[in-house]
Amino acid sequence: MVMIDKSLERRSGAVSVDSAVLGVDVSVGGKIQAVILAGGTGSRLSPLVDHCTRSLLPIANRPLLFYTLQTLEQAGFQSAILIVNKSSTTSISRYLTETYPLDANKYQHKVLDVKLATVSDGIGTADALREVSHLILSDFLLVSSDLLCNFSLSRVLIQHFVTDAAVTLLVAETRSTGKESTVDDEIARDYFGIDDSKQHSRVVLMQAAADIEGKLVIPKETLRHSPSFKIHRDLTDAHAYVFAHWTLSLLSQKRSLSSIKSEFVPFLIEHQFLLGNLCN
């Protein structure tokens, strides 16, 4: 799986692609925090999650959450904020205190200092982020608790710093399986608009196919700044984002935004040329 990072620049509004793979020590000086979303019920994985929360679903005898913590540790993080809902707090807390240190030691990984942040049940991802925003004091990496990848997040982090980004996205290139796509496959794919005409390639559109009613609408403001761009349907959102700290203030103002992936990130992309005015 080929992973591609794209970033929405704070000052110019550009979303850039950097081919360089660089390392970054994110633990020095507390430059960036790691935040994990573990509040989802995983209903689409039923019956596998009928008796455990999705983040504790075992893969090769280790829960999904272990692999996410391992990925963060390999990227240089020493601590993380773990957002959980009330119904899964007990089971996840038990894993972190009783089993996770043993797993980390067995597979020769450092144990991250994980702080649990409990949020209300049944709320959206953006709502959950609002509830714990007081714990986030810097730019932050936000990932899902079921992130499984062999891609170093260091590249995403360095891209974020280099571009002074508002948000940096990690996406995967979708590869053909050789089978004919089903209706569900088509609905699950996102539309990404990429403008390659500037110094840095720019993401000017991100929209889920399921949210499109009849036709894809391109805002006039987008066309005014990027009259020529290519629409991709071969990219999949990996649910890993690096946000600038100031975007939390914007999220606090926009209370109607409930989903990070479906609403907040597309909002930032659509309004990237007006963000300066929105955040003043």
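Look above for the structure.
What comes next concerns the included structure.

As for the pairing of strand β11 (residues 202–208)
Judged by how many residues are buried, β11 sits mostly within the fold: six of seven residues are covered. Pairing geometry for strand β10 (residues 190–195) and β11, over six bridges, is antiparallel. By the bridge assignment, I194 is partnered in β11 with V203.

Side note on the environment of I212
Turning to its location among the elements, I212 is positioned in the loop between β11 and α6 (220–225). In this view, I212 contacts Y191 and Q207; residues no more than four positions away in its chain are not counted.

Here's the deal with the pairing of strand β8 (residues 139–144)
Of all six residues making up β8, six are buried, and the element is well covered by its neighbours. Neither face of β8 is exposed, since D139, L141 and V143 on one face and F140, L142 and S144 on the opposite face are all buried. As defined by bridge partners, strand β3 (residues 32–37) adjoins β8 across six bridges and the pair is classed as parallel. Paired with V35 across the two strands is L142, which belongs to β8. Pairing between β8 and strand β13 (residues 235–243): four bridges, direction antiparallel. If you follow F140 over to β13, its bridge partner there is F243.

Some remarks on unusual backbone geometry
The phi angle at N61 is positive, at roughly 70 degrees, despite the residue not being glycine. Examined against the element boundaries, N61 turns out to sit in the loop between β4 (58–59) and β5 (62–63). Judged by relative accessible area, which is 75%, N61 ranks as exposed. Here the phi dihedral of H239 falls at roughly 60 degrees; this positive angle occurs in a residue that is not glycine. Assignment of secondary structure puts H239 in strand β13. A relative accessible area of 37% means that H239 is categorised as partly exposed.

Examining the packing of aromatic side chains
Applying the stated criterion across every chain, the model contains six aromatic pairs. Pairing F66 with Y107 gives two aromatic rings, centres 5.9 Å apart and planes at 55 degrees, and the pair type is tilted. Here Y107 lies in the loop between α2 (89–106) and β7 (113–119) and F66 lies in helix α1 (residues 64–74), a separation of 41 residues in the sequence. Given a relative accessible area of 1%, F66 falls into the buried group. Measuring from centroid to centroid gives 5.8 Å for Y241 and F243, while their planes differ by 40 degrees, and the two rings are tilted. Accessibility expressed as a relative area gives 4% for Y241, which makes it buried. Among the residues examined, F243 registers a relative accessible area of 0% and is labelled buried. Chaining the aromatic ring pairs together yields one cluster made of F140, Y241, F243 and F264. Stacked on the ring of Y191, the Lys or Arg R233 has its end atom at 4.3 Å from the ring centre.

Parameters at a glance
Position labels on residues start from 1 in each chain and follow its written sequence. Local features in this predicted model are restricted to residues of pLDDT 70 or higher, and side-chain atom pairs are both shown and tallied only at a pLDDT of 80 or more, whereas totals for entire chains, interfaces and linings draw on every residue. Based on all heavy atoms of the structure, the side-chain values leave hydrogens and waters out of the count. Residue exposure (1.4 Å probe, protein chains only): buried if accessible area is under 20% of the type maximum, exposed if over 50%, otherwise partly exposed. We count a stretch as a helix when DSSP gives it H or I for four or more residues in a row; a strand needs E for two or more, and each element gets its number in order from the N terminus. We treat two strands as partners when DSSP finds at least two bridges between them. Whether two residues are in contact is decided by their heavy atoms, any of which lying within 4.5 Å being enough. Aromatic rings from Phe, Tyr and Trp, with only the six-membered ring used for Trp, were paired whenever their centres fell within 6.5 Å, and each pair was classed as stacked if the ring planes differed by under 30 degrees, edge-to-face if by over 60, and tilted otherwise. When the NZ atom of lysine or the CZ atom of arginine is within 6 Å of a ring's centre and also within 35 degrees of its normal, the charge is said to sit over that ring.

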